[in-house]
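Below are the chains, spelled out letter by letter.
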Amino acid sequence: MEAGRVLISEEHIARRLREMGEEISRDYQGETLLVVGVLRGAFMVMADLARHITVPVEFDFMAVSSYGMSTKTSGVVRILKDLDAEITDRHVLLVEDIVDSGLTYDYLLRTLRLRGPASIEMATLLMKEGMQQVPVETKYVGFTIGPEFVVGYGLDHQQLYRNLPYIGVLDEHA
């Protein structure tokens, strides 16, 4: 199964996640970090990133939806699965696969800040340049990309292509 042209290779992803893990480890030295994966897309990013974080880490997951079966966000964010852990007074790192409109990111931050974490930051593998409909301040960004619809490495189109080891631009004619 192929997605079209390769945008970011498996090797580039691995190297960048290692660098991000080292940066996160420095920033949270002496702390325990709750890493929250935003399902489904972030599961691969979260697993590989966490292997490079050297501070104590706990894991939790949220599931949200803003795309449905489309290649464009609907703008409506729904929480499908909430956190199991309490986050009050904890250092929380949200892990996303991609930030494009920023609407999901903004909604999650506003919702989780109400729960009183000691800190909350976002790590994302991909940031779509110039696509944000709301201001987005993501502390840890793997790669900045253009407006193409991408798949692979956890990102899907109609639930397919998540298993590709690279980021590819979807060939909608295939």
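Thresholds, definitions, all that
What you see as residue numbers is a count from 1 along each chain, following the sequence as written. Only residues with pLDDT of at least 70 get local features here, since the model is predicted, and only at 80 or more are side-chain atom pairs given and counted; chain-wide, interface and lining totals rely on the full set of residues. As a rule here, side-chain values come from all non-hydrogen atoms in the structure, and water together with hydrogens is ignored. Per the convention used, a helix needs a DSSP run of H or I reaching at least four residues, while a strand needs a run of E reaching at least two, with both numbered from the N terminus. For every residue, the accessible area obtained with a 1.4 Å probe (protein chains only) is divided by the maximum for its type, and the residue is called buried under 20%, exposed over 50%, and partly exposed between those limits. To be clear on the numbers: accessible area is Shrake-Rupley with a 1.4 Å probe, and residue cover counts the displayed protein chains and nothing else. Pairing between strands requires that DSSP locate at least two bridges from one strand to the other. Axis angles are defined between N-to-C directions and span 0 to 180 degrees, where every axis is a line fitted to C-alpha atoms and, for a helix, only to the segment in contact. Counting rule for charge: Lys and Arg are taken as positive, Asp and Glu as negative, and neither His nor the chain ends is counted. Salt bridges are defined as contacts in which a side-chain nitrogen from Lys or Arg sits within 4 Å of a carboxyl oxygen from Asp or Glu. Whenever two N or O atoms come within 3.5 Å, that pair is a polar contact, provided that in protein one can donate a hydrogen and the other can accept it, and provided that, for residues adjacent in sequence, both atoms are side-chain atoms. Here, residues are in contact when the closest pair of their heavy atoms is within 4.5 Å. Residues belong to a common nonpolar core when they are buried Ala, Val, Leu, Ile, Met, Phe, Trp, Tyr or Cys residues joined through side-chain atoms within 4.5 Å. Think of it as the arc spanned by the lines of direction from the helix axis to the C-beta atoms. The scheme is simple: roughly parallel for angles under 35 degrees, roughly antiparallel for over 145, roughly perpendicular for 65 to 115, oblique for anything else. By the definition used in this description, the sense in which the near helix is turned from the far one sets the handedness, with an anticlockwise turn below a right angle giving left-handed and a clockwise turn giving right-handed. In the scheme used here, Gly and all other residues not listed as nonpolar or charged are polar, with Ala, Val, Leu, Ile, Met, Phe, Trp, Tyr, Cys and Pro taken as nonpolar and Asp, Glu, Lys and Arg as charged.

A. The overall build of the chain, seen in detail. Regarding its fold elements, the chain presents three helices and nine strands. Ordering the α and β elements of the chain from the N terminus gives β-α-β-α-β-β-β-α-β-β-β-β. Out of the 174 residues in the chain, the part that is buried amounts to 50%. For the chain, the accessible area works out to roughly 8,800 Å², and carbon and sulfur atoms hold 49% of it.

B. Spatial organisation of the sheet that holds strand 6 (residues 119-128). Pairing within the open sheet is mixed, and its six strands lie in the order 4-3-2-5-6-7. Every interior strand has two partners, whereas the edge strands, strand 4 (78-81) and strand 7 (140-145), have only one. Averaged over all pairs of adjacent strands, the angle between their axes in this sheet comes to 30°, without regard to strand direction. Summarising the sheet, strand 2 (residues 33-39) and strand 3 (residues 57-65) pair through seven bridges and their orientation is parallel.

C. Highlighting the side chain of Lys-128. With respect to the helices, strands and loops of the structure, Lys-128 is situated in strand 6. Comment: no salt bridge for buried Lys-128; closest opposite-charge side chain is Asp-100, at 4.5 Å. A polar contact of 3.4 Å, which involves the side chain of Lys-128, links it to the backbone oxygen of Pro-147. In this structure, Lys-128 is in contact with Ile-98, Val-99, Asp-100, Ile-145, Gly-146, Pro-147, Glu-148 and Phe-149, ignoring residues within four places of it in sequence.

D. Spatial organisation of the sheet that holds strand 1 (residues 6-8). Taken in spatial order, the three strands line up as 1-9-8 in an open sheet, and their pairing is antiparallel. Edge positions in the sheet fall to strand 1 and strand 8 (150-151), since each has one partner strand and no second.

E. Quick peek at helix 3 (residues 103-113). Along helix 3, the residues that are buried comprise Leu-103, Thr-104, Tyr-105, Leu-108, Leu-109, Thr-111 and Leu-112. Against the buried residues of helix 3 lie strand 2, strand 3, strand 4, strand 5 (91-99) and strand 6.

F. Region of interest: the nonpolar core. Among the nonpolar cores identified, the biggest contains 28 residues, and Leu-125, Leu-126 and Ile-167 are the most heavily contacted of them. Only helix 1 (10-27), strand 2, helix 2 (43-50), strand 5, strand 6, strand 7 and strand 9 (167-169) provide two or more residues apiece to this core. For this core, the leading source of residues is helix 1, giving four residues. Apart from residues lying up to four places away in sequence, Leu-125 is in contact with Ile-13, Leu-17, Val-45, Glu-96, Asp-97, Gly-142, Phe-143, Tyr-153 and Ile-167. Judged by nonpolar contacts, the second largest core, of 19 residues, contains Val-99, Tyr-105, Ile-120 and Met-127.

G. Geometry of helix 2. Among the residues of helix 2, Val-45, Met-46, Leu-49 and Ala-50 are the ones counted as buried. What you see down the axis of helix 2 is that its buried residues fit within an arc of 115°, all on one side.

H. A look at the packing of helix 1 against helix 2. Packing of helix 1 against helix 2 leaves a shortest axis separation of 8 Å and a crossing angle of 60°. One element, helix 1, and the other, helix 2, form an angle in the oblique class. Between helix 1 and helix 2 the crossing geometry is right-handed. Here Leu-17, Met-20, Gly-21 and Ile-24 of helix 1 come into contact with helix 2, specifically with Val-45, Asp-48 and Leu-49. Of the residues assigned to the contact of helix 1 with helix 2, the class counts are five nonpolar, one polar and one charged.

I. How the structure looks around the environment of Gly-116. Here Gly-116 is to be found in the loop between helix 3 and strand 6. We classify Gly-116 as partly exposed; its relative accessible area is 30%. Distance in space between the C-alpha atoms of Gly-116 and Asp-89 is 6.1 Å, their sequence separation being 27 residues.

Limitation: the analysis is restricted to geometry and does not speak to function.
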